[in-house]
Amino acid sequence: MCIFCKIVNGEVPAYKVYEDEKTVAFLDIFPRAYAHTLVVPKKHFETIDEMDEEYLAALIKSVKNVAKLLKEKLNAEGYNIVSNNGRASGQEVMHVHIHILPRFENDNIKFEFPDVIEEYKEKLEEIHRKIVG
Ligand SMILES: [Zn+2]
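These figures come from a predicted structure and were not determined experimentally.

1. Things to note about the overall build of the protein chain
The helix and strand inventory of the protein chain stands at 4 helices and 5 strands. In sequence order, the protein chain lays out its α and β elements as α-β-β-β-α-β-β-α-α. Dimensions along the principal axes, computed over C-alpha positions, put the protein chain at roughly 50 × 40 × 25 Å. In the protein chain, which comprises 133 residues, the share counted as buried stands at 20%. Partitioning the intrachain contacts of the protein chain with sequence separation of at least 6 by distance along the chain shows that 55% fall at a separation of at least 24.

Spelled out as C-alpha cells, the structure:
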C-alpha cells in the first residue's frame, strides 16, 4: 500500500488540515512554502487522467476548500497549485496529489514556470495537428 493510502487509512500519522468523504489534505513534511499542503483522493489513483469523475470533482472542490482555509486561517495572500503526474513530470509518490503552496507578498519563494521554448513556439501548428488531427 502506498504512503498516501496509509495516511488516508490512519496507518501513518499526518498533520491533517481538512477531510471530507472522498479527500483528505495534510501538511507536506518537506515544505517548499509556509503551510505547503497536499490534497489527495481517498481512493488510490496514480494520475489525474486515471481518476473517475466523482473523485476528480471531489478533489478539485477540496482544493478550493483548503485554499480558502489557508487564506482565512493563515492570511495567505495567494497560492500556487501544482500537480506532477507521471515520473517524467517529477511525481515521486504515485498517488494523485495536488500541492497547494500558500503565498505571501515578498515571501522570497522562487517558484518559476519554465522559460518559453522558441523551438516549440515555432511548432505550434504541427503540435496542434498531432493532438486534434
Ligand atoms: Zn495510494
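2. What about the environment of serine 83?
Note on placement: serine 83 falls in the loop between β4 (78–82) and β5 (98–103). Note on serine 83: 16 C-beta atoms within 10 Å, which makes it partly exposed. The spatial distance from the C-alpha of serine 83 to the C-alpha of isoleucine 98 is 4.8 Å, given a sequence separation of 15 residues.

3. Notes on the nonpolar core
Ala25, Val39, Val40, Val63, Val66 and Ile100 are the most contacted members of the largest nonpolar core, which totals 19 residues. Where this core is concerned, the elements lending two or more residues are α1 (3–8), β2 (23–27), β3 (37–41), α2 (53–74) and β5. Of all the elements, α2 adds the most residues to this core, at 4 residues.

4. A look at the sheet that holds strand β1 (residues 16–19)
Ordered in space as β1-β2-β3-β5-β4, the 5 strands form an open sheet in which the pairing is antiparallel. Only two strands of the sheet have a single neighbouring strand rather than two, namely β1 and β4. Here the average twist between neighbouring strands, direction ignored, is 20°. With 5 bridges connecting them, β2 and β3 associate as antiparallel partners. Note that in β3 the partner of valine 24 across the bridge is valine 40.

Analysis parameters
Residues numbered from 1 in each chain as written. Predicted model: local features only at pLDDT ≥ 70, side-chain atom pairs only at ≥ 80, totals over all residues. Helix = DSSP H or I, 4+ residues; strand = E, 2+ residues; numbered from the N terminus. Buried ≥ 20, exposed ≤ 12 C-beta atoms within 10 Å, placed from the backbone. Contact = placed C-beta atoms within 7 Å. Core = buried A, V, L, I, M, F, W, Y, C linked by C-beta atoms within 7 Å. Pairing = 2+ DSSP bridges. Axes fitted to C-alpha atoms, helices over the stretch in contact; angles between N-to-C directions.

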